[in-house]
Structures are given as structure tokens and as C-alpha cells.
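Coordinate inspection notes
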Amino acid sequence: MGPLTGSVVKPPALNQSYALKVKNLQLASHSRRFANAPHRPLCETPLQLQPWPNESEAICVVFGLHLLRPSGYVWLTRGNGKHYMALDERKGVWKSGKGKGRHTPKGRQLDDQAWNEVRALLGDRPRSRDLLIEFLHLIQDAHGHLSAAHLRALAEEMRLSMAEIYEVATFYAHFDVVKEGETPPPALTIRVCDSLACEIAGAQQLKSALEDGLDPSDVRVLRAPCMGRCDTAPVLELGHNHIDHATPEKVQAAIAADDTHAHVPGYEDLAAYQAAGGYAKLAEIRQGGDFETIQQTLLDAGLRGLGGAGFPSGRKWGFVRAAPGPRYLAVNGDEGEPGTFKDRYYLERTPHLFLEGMLIGAWAVEAEKCFIYMRDEYPAVLKILTDEIASLEEAGIVAPGYIDLRRGAGAYICGEESAMIESIEGKRGLPRHRPPFVANVGLFGRPTLVNNVETLLWVARILREGGEILSGVEKNGRKGLRSFSVSGRVKNPGVHLLPAGSTMQDIIEACGGMVDGHTFKAYQPGGPSAGLLPASMADIPMDFDVLQEHGTFIGSAAIVVLSEADSARDAALNMLRFFEDESCGQCTPCRVGCEKAVKLMQADRWDQPLLEELCTAMADASICGLGQAAPNPIRLTMKHFPDEV
Ligand SMILES: Cc1cc2nc3c(=O)[nH]c(=O)nc-3n(C[C@H](O)[C@H](O)[C@H](O)COP(=O)(O)O)c2cc1C
Ligand code: SF4
Ligand code: FES
């Protein structure tokens, strides 16, 4: 029997009661315990009833959790030939047999005010499970933290267990869960980045100065991982305002001016993009594009995934398209690998180049819907995308709701594609075991195309300008272009688009050389996952497949340049601290291994045999790339900088 509808009306005969008019539902009998329950008004909203667990009982499928109201047990009962919804306030109703029993259900009780506040915040959004993180953001934004009462109310509203809400809320760094009796955080939060580029630019001194100079009851100062602005290190986030080349004075001035919101830079909007021929290619492809031809164009251009793994994009599209539908497209905009900021760079300038590439990808795999997972550390990008997606809908280029922008919540691991999918589903970002791969079993169990932001941007460029823009560039026997995010001790850090075969010497040259007074010592070739290489290895082409024989990889091309003023050992420790913080904790080799490694690396002299044993266990037995690659900084530092360890 499908859902049945009923509505609540006030019966004349019974005081303070609402009779329940039920169509098509015969409530033959009900629990004897509640037969004489005093009737109390409940809600005036139409109810949807369906038999549960047998035909003689019913649950309201809209307000199912009303059945567990704090002040008693709600039940459907019958009297005077009518059906009533009753609220039983007798003590002991939670215990069968003799004795007082429990007056209320177990666990936290629902607070009506918190419940009303949560309902007001959620408005008419569907209470669907995958929106949990979005809803937690709404509460965190409105109240500055997540109180136990609000979490309980959200559990009620979403018909989820409190445990499910709690485990998600506590997984993500940007949610502040405050239990009963705990003090909520102050209204203003400063997050000081302490990843490698900011660390060598003085992040610790900056953090200490801020802690000394600010009243902790007004402002709290937290450490945080890379914010994707490494070229302007040290960086901090005041509220949602990122302060580049941060100093305590800049922070004081921003606080005084109440400048705590994201600064949205000027960018190419829809009108400007269309005026330059934007979306003509998409229209042409939608009209009569041939998948095989487009796939071949991408393969010939040599486009490979720029999120780090370098998988040929055309081939990936083919796998997803070949899997039975419905399918989804999920864009990876998490950009959490410290030192990487190329996606932000492009999104803050040419968001539509990426959006057009994404819609071409969606066409290619016939995606039912596109999800964009954007990291919470990029509030300006979130605003740009929100506005430009609305413009696309207004212009009729996409149907309303076809592009679903999701906001991360401060967890690096959600950049790993299966963890990202879990997060889009509203869960903790725990990487999945493979196989199956997300191309076959991804979002909501459906085949899913996951591509990095920059990969999709190149899709649009290749199809608009021709594959030669990549395949026509050759250097040191390598083809293509690479967006290097360069930071550290160079004169002009930033995103540098250079031939993929460029060496570190070329990259430093493109950055105007080393900062005066600094001598090149070492570099991180592709984020902390890639570890450190010495300056003596600056003549290797910085491309996919080349660095593997040196025990590392190019990854997302996140390059941090170190000088003789920096310690390789400290840099490696910084990297392992990051992994220790960001490990999702799902598997022991990574969770315990990172923590143990940090301890061992703090010793005056490293216990190298023990560290090597640990590295082997982590690399061999971790579930995902985080734990598998975390040993790289340890091994490469022991190998190339033995004097320091
Ligand atoms: C620990 C970890 C973190 C990752 N972080 C990101 C990320 O922030 N952004 C990204 O695009 N890919 C990231 N990846 C790679 C993704 O899993 C995936 O390969 C990529 O999004 C696929 O898109 P592409 O083929 O266009 O590169 C990460 C992988 C691992 C193992
Ligand atoms: S390797 Fe680390 S991050 Fe990956 S699943 Fe295991 S614990 Fe989580
Ligand atoms: S913003 Fe600090 S290291 Fe990237």
C-alpha cells in the first residue's frame, strides 16, 4: 500500500485534540498501552500516513520523527469513531511491565526553539540525506557553531539518527560542535595557514603575535592547512576574508573595518565570455556532436587528469559513457594539496571556460546532473560560481538545478575522488575501497565522471582552439603544457603556464630567479605527497611519468622552492604533520603511521631503519593515496638530505 494522506482537524468533542481524518486506512487496533492516552494537539500540517510495521499501525512519512517527541510518546489512537493522534504524557511509558520506567525516549531531547530555528534555516529545501553538509553549513553560518540542540533538531528534521549527524559534523574542520555546557567559540575566527610555503614565510611567528595581541574572548586564532594562496604567503583567513602577506597590523586594520567577508575579484562573466565566442562550441556539440570524434581530439591533444593522477581524460570519459546510465558528473574542486592554487587562479579569472568544459563533459557522458565540489577555503570562488550558474540558468544554457554546487567543509581527504563522492552524499569523507571504481559505481551508486577543474578548463580550450595548443608544445621530449603553482623562495611566485617538459631550472627562471640572498637548495615537486628533491636534481622534466623513477611524482604540479635558509628535515616534518592532521583515520597504517612518523621525526636523530619499516607498512597497506604517499617526504629526505636527519 502506498502513502496515504490524512489531515488534522479539530474535533468538537474532545478538548485540545485534533482528530485525524484518514482516507483509505483502517486503524483496526492499536497498542493497549496507549488506548487511554490523553489527547493533545500536535501539528496542523497535513500528514502522510503509511502502515508500519503492520497494517494496524501507521507512521507519518513526512513527520515520522514526531513519533519521538521529547515530552512523551506520540501515537495514533481512535475514539468516538474517529482517529486521533495522541501524546501520552504518562510516566513510565518507555518501560513495558511494572515500574516507573523512562519518561522520555533515550538520548538528547528535542528542543522546540532549536527545532523551529533549524526549520526556518532549512526553509523548503528537500530534507534529503545528501544535503546534510549543506544544512550543517547553514546552521554554522547562522549561529557561529553547531550546538547539541541544533544537531538534535537537525536529526529530527532529517529523520536521521543523532549519531549520523554527529559523526559528519565532527569530521569536518570547519564545523564547531559545541556540547551542552561548553562555551561556544567567539564570533570571529582567524585561521593561520601553517603549510610549507606559509611556514617558511613565518606562519608560526605570525600566529604567536596574533595570539598575544588579540583578546581570545573576541577572536580565536587557529592553525589551518594550505588555503591555496601560497604565492602570497603567509596567509590567513579572518572570518571569510583572506589576508595575503599577512601581518598583525593588517589583521588589526581589517578587524577595525569589520572587513571579514570574501573579496570577489573582477572576472570574465557570462556576457563577456559569450561575446568572445564562449558556449558556441557547447551549442554546436549539443546540436550534432560526435562522441568518438571529441574523445579522439582529447586523446590526440594528450589531455591527462590535472588533479594529480594524470589519467588520460578521453579514456576516462569512454569508461563512464560505456557504463549503464543514469550517470553523473562530479567536479573535483577541492584543491587541498598544499602548494596547489591553479584551480583557484583560473576560477577567479575565467570561470566560464571551466563551466563550458564541464558541460561538454556532461554531454559526453550524458550526465543526469553535474555536481561541483568546491572547497570551503575558496569563498570568493563559491560566490562567483553561485552567480554564474544562476546566469547560465537564466540564459537557458542549463536547466535550473542541473548544476549542483556543493561546499566542502575543511577536509583535505575529500579531494580523493571516492571521499569526495561520499562527502557529496552528505557523509564523512572516507575513501572507498576499489574496485569498483567511481567510473562504474560512483555518486549514489551510479557511474560517475570525476574530473579536476583545470582538466575541464582544458577540454573547453582544446575543443575551441584545437588540440595543438597542447600537443603542439614540445620540450625535452615531453609534450603539452603544465600550470605550475610555484611558491617559496622565488622572486615571482604564482601560476606559471609552461611546457610540461620544463625543468626546475626553467621554472625558477620563469619565476624571475631566487629571492635575493637565497640559494636554491630543494624543491617539493608535487605537493607534500611528492616529498622533496634536492637542487642537484633540477634538470628533470617536470612531467607525468618522469619523476616516478626518482621515488616521486608531479601530482598537481605544486612546487615549493626551498633555499639554504630552510631545513629539509623541518619541511618533511611539516608535510607529515599535515598528513597526520588530515588522515581520515579509517585505516590503521595511515592513522597510526602518520602519528608515529611525526613522533619519530621530532627526535634529534631519526631512527631511520624504524622509519623505513613504518614507511613500508604505510605505503603497502593504506587504503588510499594519502597513506600510500605520506612516506615520500620521509624517504626522500633520508635519501637526499642525510646530514640533516
Ligand atoms: C589524498 C588525495 C587527495 C587528492 N586531492 C585532489 C584535489 O584536491 N583535487 C583534485 O582534482 N584531485 C585530487 N586528487 C585526485 C583525485 O582522486 C582524482 O584522481 C581526480 O580528481 C580526477 O580528476 P582528473 O582525472 O581530471 O585529474 C586527490 C587524490 C588523493 C589520493
Ligand atoms: S590511507 Fe589514510 S586517508 Fe586514506 S583511507 Fe586510510 S586512513 Fe583514510
Ligand atoms: S596558503 Fe599557506 S601554504 Fe598554501
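Above: the structure in question.
We now turn to the structure provided with this report. (Residues numbered from 1 in each chain as written. Chains lettered and ligands numbered in written order. Predicted model: local features only at pLDDT ≥ 70, side-chain atom pairs only at ≥ 80, totals over all residues. Heavy atoms only, no water.)

**Here we look at the overall build of the protein**
- Per the secondary structure count, the protein includes 23 helices and 23 strands.
- When contacts within the protein are restricted to residue pairs at least 6 apart in sequence, long-range pairs at least 24 apart make up 67% of them.
- Of the roughly 26,800 Å² of accessible surface on the protein, a fraction of 50% belongs to carbon and sulfur atoms. (Helix = DSSP H or I, 4+ residues; strand = E, 2+ residues; numbered from the N terminus. Contact = heavy atoms within 4.5 Å. Areas by Shrake-Rupley, 256 points an atom, 1.4 Å probe, with all protein chains shown as cover.)

**Looking at helix α19 (residues 568–582)**
- Here α19 contains 15 residues, and its C-alpha end-to-end distance of 21 Å stays within 8% of the 21 Å for a straight helix at 1.5 Å per residue.
- Among the 15 residues of α19, 11 are classified as buried, and the element is accordingly described as predominantly covered.
- Inspection of α19 places A568, R569, A571, A572, L573, N574, M575, L576, F578, F579 and E582 among the buried residues, and these make up the whole buried set.
- Close packing links the buried residues of α19 with α5 (196–200), β21 (520–524), β23 (558–563), α20 (588–601), α22 (625–629) and α23 (631–640).
- Its side-chain oxygen placed 3.3 Å from the backbone nitrogen of R569, S567 serves as the N-cap of α19. (Expected span 1.5 Å × (residues − 1). Buried < 20%, exposed > 50% of the residue type's maximum accessible area, 1.4 Å probe, protein only. Polar contact = N/O pair within 3.5 Å; in protein donor to acceptor, adjacent residues only side chain to side chain.)

**Comments concerning the pattern of salt bridges**
- Within this structure, the stated rule accounts for 40 salt bridges.
- Between R406 and D130 there is a salt bridge, and its shortest N-O distance comes to 2.6 Å. Placement of R406 in strand β15 (residues 403–407) and of D130 in the loop between α1 (112–122) and α2 (132–143) is noted, with a sequence separation of 276 residues between them.
- Assessed through its relative accessible area of 3%, R406 is described here as buried.
- We classify D130 as buried; its relative accessible area is 14%.
- Between R223 and D581 there is a salt bridge, with the nearest N and O atoms lying 3.1 Å from each other. Remark: D581 occurs in helix α19 and R223 occurs in strand β10 (residues 219–224); sequence separation between them is 358 residues.
- Exposure remark for R223: the relative accessible area of 34% places this residue in the partly exposed category.
- We classify D581 as partly exposed; its relative accessible area is 42%.
- Each of the salt bridges in this network shares a partner with another, and the network as a whole consists of R304, R478, R482, D543 and D545. (Salt bridge = Lys/Arg side-chain N within 4 Å of Asp/Glu carboxyl O.)

**Notes on the site of ligand 2**
- Around ligand 2, the structure places 13 residues, and the nearest of them are C584, Q586, C587, C590 and C624.
- Here the shell around ligand 2 is built from residues that sort into 8 nonpolar, 5 polar and no charged. (Near = heavy atom within 4 Å. Nonpolar A, V, L, I, M, F, W, Y, C, P; charged D, E, K, R; others polar.)

**Here we look at the sheet that holds β15**
- Read across the open sheet, the 4 strands follow the order β15-β14-β13-β16; overall the sheet is parallel. Of all strands in the sheet, those bounded by a partner on one side alone are β15 and β16 (448–452). Averaged over neighbouring strand pairs, the angle between their axes works out to 20° when direction is ignored.
- When strand β13 (residues 327–333) meets β16, the two strands line up parallel, connected through 5 bridges. In the sheet register, L329 faces β16, and the bridge partner there is L449.
- In this fold helix α16 (residues 453–465) packs onto β13, β14 (367–374) and β16, with an angle of close to 90° to the strand it touches most, β16. (Pairing = 2+ DSSP bridges. Axes fitted to C-alpha atoms, helices over the stretch in contact; angles between N-to-C directions.)

**Focus on the site of ligand 1**
- What surrounds ligand 1 is a group of 19 residues, the closest being G307, K316, N332, N452 and T455.
- The backbone of L306 places a nitrogen or oxygen atom 3.2 Å from an oxygen atom of ligand 1.
- Note that an oxygen atom of ligand 1 is positioned 2.9 Å from one of the side-chain N or O atoms of N451.
- In the complex, 89% of the free accessible area of ligand 1, which totals 620 Å², lies under the protein chains.
- Under a 2 Å grid-point criterion requiring more than half of the atoms, the pocket assigned to ligand 1 is the largest pocket.
- At the level of secondary structure, the elements contributing two or more residues to the shell around ligand 1 comprise β16 and α22.
- Among the elements that line the shell around ligand 1, the one with the most residues is β16, at 3 residues.
- Among the residues forming the shell around ligand 1, the class breakdown is 5 nonpolar, 9 polar and 5 charged. (1 Å grid on protein atoms, 1.4 Å probe; cavity = no way out; pocket = protein on both sides within 12 Å on 5 of 7 lines; lining within 4 Å. Sits in = over half its atoms within 2 Å of the grid points.)

**Section: the packing of aromatic side chains**
- Scanning the model with the defined rule gives 11 aromatic pairs in all.
- Cluster of aromatic residues (ring-pair linked, three or more members): F171, Y172 and F175.
- When the ring centre of Y345 is taken as reference, the NZ or CZ atom of R349 above it lies at 3.9 Å.
- A cation over an aromatic ring shows up here: R375 above the ring of Y378, its NZ or CZ 5.0 Å from the ring centre. (Phe/Tyr/Trp six-rings, centres within 6.5 Å; stacked < 30°, edge-to-face > 60°. Lys NZ or Arg CZ within 6 Å of the ring centre and 35° of its normal.)

**Details of empty space enclosed by the protein**
- Within this structure, the stated rule accounts for 7 cavities of 30 Å³ or more.
- Of the pockets and cavities examined, the largest cavity occupies roughly 90 Å³.
- Surrounding the largest cavity, 15 residues form its lining, R375, E377, G410, A411 and Y412 being those nearest its centre.
- Here the lining of the largest cavity is built from residues that sort into 7 nonpolar, 3 polar and 5 charged.
- Its residues placed into classes, the lining of the second largest cavity shows 8 nonpolar, 5 polar and no charged. (Points joined across faces, edges and corners; volume = space filled by probe spheres on them.)

**A closer look at the packing of helix α13 (residues 351–364) against α16**
- Remark: α13 packs on α16, axes separated minimally by 7 Å, with the N-to-C direction vectors making an angle of 85°. Looking at the two axes, α13 sits roughly perpendicular to α16. Within the contact between the two elements, α13 uses L353, F354, E356, G357, M358 and I360 and α16 uses V453, L456, L457, V459, A460, R461, L463 and R464.
- Looking at the contact of α13 with α16, its residues break down into 10 nonpolar, 1 polar and 3 charged. (Parallel < 35°, antiparallel > 145°, perpendicular 65-115°, else oblique.)

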